[in-house]
Amino acid sequence: MKSSIKISALLFGAFLLTQCKNTTKESSETTQSKHEVITVKAPAFDAAAAYSKVKTQVDFGPRVPNTSSHSACGDWIVNQLKESGLEVTEQNFEGVSVKFKSVPGRNIIGSYNASASKRIVLAAHWDSREIADQDDERTEEPIPGANDGGSGVAVLLQMAEEISKSETKPNIGIDFIFFDLEDGGDPANGPSSSRNDYGGYLMGSEHWAKNPHKEGYSAFYGVLVDMVGAKGATFMKDKASMQVAPSVVNKIWNIASAKGYSGYFISQNGGDILDDHIPVIIHRKIPMIDIIDQKMGDQTFFDHWHTHDDNMEAIDENTLKAVGETLLQTVYQENGVI
């Protein structure tokens, strides 16, 4: 998503009071040797294949809900998950677009090791924005959404593929969740009480958090990836993430550093980001963190955010590799391998 707004402390207070002790302590070790951090061998992450998966999405056309390109891309995501051997669940719901039209939403869930009791959530949104409100021209036309939407989807799909091909497997359950109707909010965060609690953004994650694909669903923690493919990306420690799951943030950032990716995963606190992790934290009580390209100063997100220049020229295989390899290592050593 993406809008830098202040997240209510009261909402997080409700979460923190009921949160189980999954992430009680923030690690004081912000720098560790590679030997200490990397504890198991994870498979390689094919960044070229991930790049190709971004391109496939862009080639469908803008994934604006209630369009043929959106439907085709959703079907492709489902097929990709099935080819990786995952148990697939589709969740349909009704939403409202940025232009206040009723549109169908479609969350897609691919479950690895579906019977495992210990689970983590890896999520991204797969829709793209219907308007280019940050551009100087053609502002009422949809954007390509290569980075904003496409990159996160590609990283997760490639992770699922790498796990399926590997002789060793993570010894945990993983739910890959692709949220729909994330990017339909009002420009400049205008009020939209007639749509939902988040200014028209985050409809898919809000629906799933209130109505999970399995009754009573919970997870040890969650990781959201959003805008994770741009050249020169910088991932700072999102404020909400550090409030609810500092140990998860620090673990992932330490793994990234050990793998040589500290130039992407910046050891610096970021701002308040309204994104799909927020409904999951508030309504599902799952400590979920956000890996999202943040900038320092007046510019919150990458240069081409919500513009027509969010196309394949904005995508860098090196950034995709940094995120994908870091997350693969994280899930492989979460509870060992089998």
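Please refer to the structure placed before this passage.
Analysis parameters
Residues numbered from 1 in each chain as written. Predicted model: local features only at pLDDT ≥ 70, side-chain atom pairs only at ≥ 80, totals over all residues. Heavy atoms only, no water. Axes fitted to C-alpha atoms, helices over the stretch in contact; angles between N-to-C directions. Helix = DSSP H or I, 4+ residues; strand = E, 2+ residues; numbered from the N terminus. Parallel < 35°, antiparallel > 145°, perpendicular 65-115°, else oblique. Left-handed = near helix turned anticlockwise from the far one by under 90°. Contact = heavy atoms within 4.5 Å. Nonpolar A, V, L, I, M, F, W, Y, C, P; charged D, E, K, R; others polar. Phe/Tyr/Trp six-rings, centres within 6.5 Å; stacked < 30°, edge-to-face > 60°. Buried < 20%, exposed > 50% of the residue type's maximum accessible area, 1.4 Å probe, protein only. Lys NZ or Arg CZ within 6 Å of the ring centre and 35° of its normal. Salt bridge = Lys/Arg side-chain N within 4 Å of Asp/Glu carboxyl O. Pairing = 2+ DSSP bridges. Polar contact = N/O pair within 3.5 Å; in protein donor to acceptor, adjacent residues only side chain to side chain.

A word on the packing of helix α8 (residues 246-258) against helix α10 (residues 317-332). One way to put it is that α8 packs onto α10 with a least axis distance of 9 Å and a crossing angle of 120°. On the basis of the axis angle, α8 is oblique to α10. You can see that α8 and α10 cross each other, and the crossing is right-handed. Facing α8, whose interface residues are I252, I255 and A256, α10 presents T326, L327, Q329 and T330. Counted by class, the contact of α8 with α10 contains four nonpolar, three polar and no charged residues.

Let us now look at the packing of aromatic side chains. As enumerated under the stated definition, the model contains eight aromatic pairs in all. Residues W253 and F265 carry aromatic rings whose centres are separated by 5.1 Å and whose planes lie at 85° to one another, so their mutual orientation is edge-to-face. Highlighted residues: W253 in helix α8 and F265 in strand β8 (residues 265-269), separated in sequence by 12 residues. For the pair W253 and F265, one class covers both residues: buried. A ring pair is formed by F301 and W305, whose centres lie 5.2 Å apart and whose planes are at 55°; its orientation type is tilted. F301 gets classed as buried once you look at its relative accessible area, which sits at 2%. Taking the relative accessible area as the measure of exposure, W305 reaches 17% and is therefore buried. Among the aromatic residues, those joined into a ring-pair cluster are F179, W208 and Y217. Above the face of the F220 ring, K118 is positioned so that its terminal group lies 4.6 Å from the ring centre.

Below, the discussion takes up the pattern of salt bridges. Within the structure shown, the criterion is met by 17 salt bridges. A salt bridge links E334 to K118, with the nearest nitrogen and oxygen atoms 3.2 Å apart. Of this pair, E334 sits in the segment after α10 while K118 is found in the loop between β3 (102-112) and β4 (119-125), placing the two residues 216 residues apart along the sequence. A relative accessible area of 13% places E334 in the buried class. Several salt bridges share partner residues, and in doing so they unite K53, E161, E162 and K165 into one network.

Moving on: the environment of Q329. Among the secondary structure elements, Q329 is positioned in helix α10. The sequence separation of Q329 and I252 amounts to 77 residues, and the corresponding C-alpha distance is 8.9 Å.

A separate point is the packing of helix α6 (residues 203-210) against helix α9 (residues 277-284). The geometry of α6 relative to α9 is characterised by a closest axis approach of 8 Å and an angle of 20° between their N-to-C directions. Regarding the angle of α6 to α9, the classification is roughly parallel. Between α6 and α9 lies a crossing of right-handed hand. Packed against α6, whose contacting residues are S205, E206, W208, A209 and K210, the element α9 presents P279, V280, H283 and R284 at the interface. Across the contact of α6 with α9, the residue classes break down as four nonpolar, two polar and three charged.

This paragraph deals with the side chain of K237. Note that K237 resides in strand β7 (residues 235-237). Ignoring any residue separated from it by four or fewer positions in sequence, one finds K237 in contact with M242, V249, N250, W253, I266, S267, Q268, N269 and G270.

Right, let's talk about the pairing of strand β10 (residues 288-292) for a bit. Most of β10 sits inside the fold, with five of its five residues counted as buried. By the alternation rule, side chains of β10 split into M288, D290 and I292 and I289 and I291, which are all buried. Two elements, strand β6 (residues 221-226) and β10, share five bridges in a ladder whose sense is parallel. Counterpart to D226 in the pairing with β10 is I292.

Take the side chain of N196 next. Looking at the element boundaries, N196 is found in the loop between β5 (173-179) and α6. A distance of 2.6 Å separates a polar side-chain atom of N196 from the backbone oxygen of Y201. Within the structure, N196 has its side chain in polar contact with the side chain of E206 (distance 3.2 Å).

Right, let's talk about the sheet that holds β3 for a bit. Taken together, the six strands give an open sheet; going across it, the order is β2-β3-β5-β4-β6-β10, and neighbouring strands pair in mixed fashion. Two strands bound the open sheet, and with one partner strand each, they are β2 (87-96) and β10. Strand-to-strand twist across the sheet, computed as the mean angle between neighbouring axes with direction ignored, equals 20°. Pairing between β3 and β5: five bridges, direction antiparallel. In the strand pairing of β5, I108 is matched with F178. The sheet strands contacting α9 are β5, β6 and β10, and the helix crosses β10 at an angle near 175°. Sheet contacts for α10: β4, β5, β6 and β10; angle to β6, the most-contacted strand, approximately 170°.

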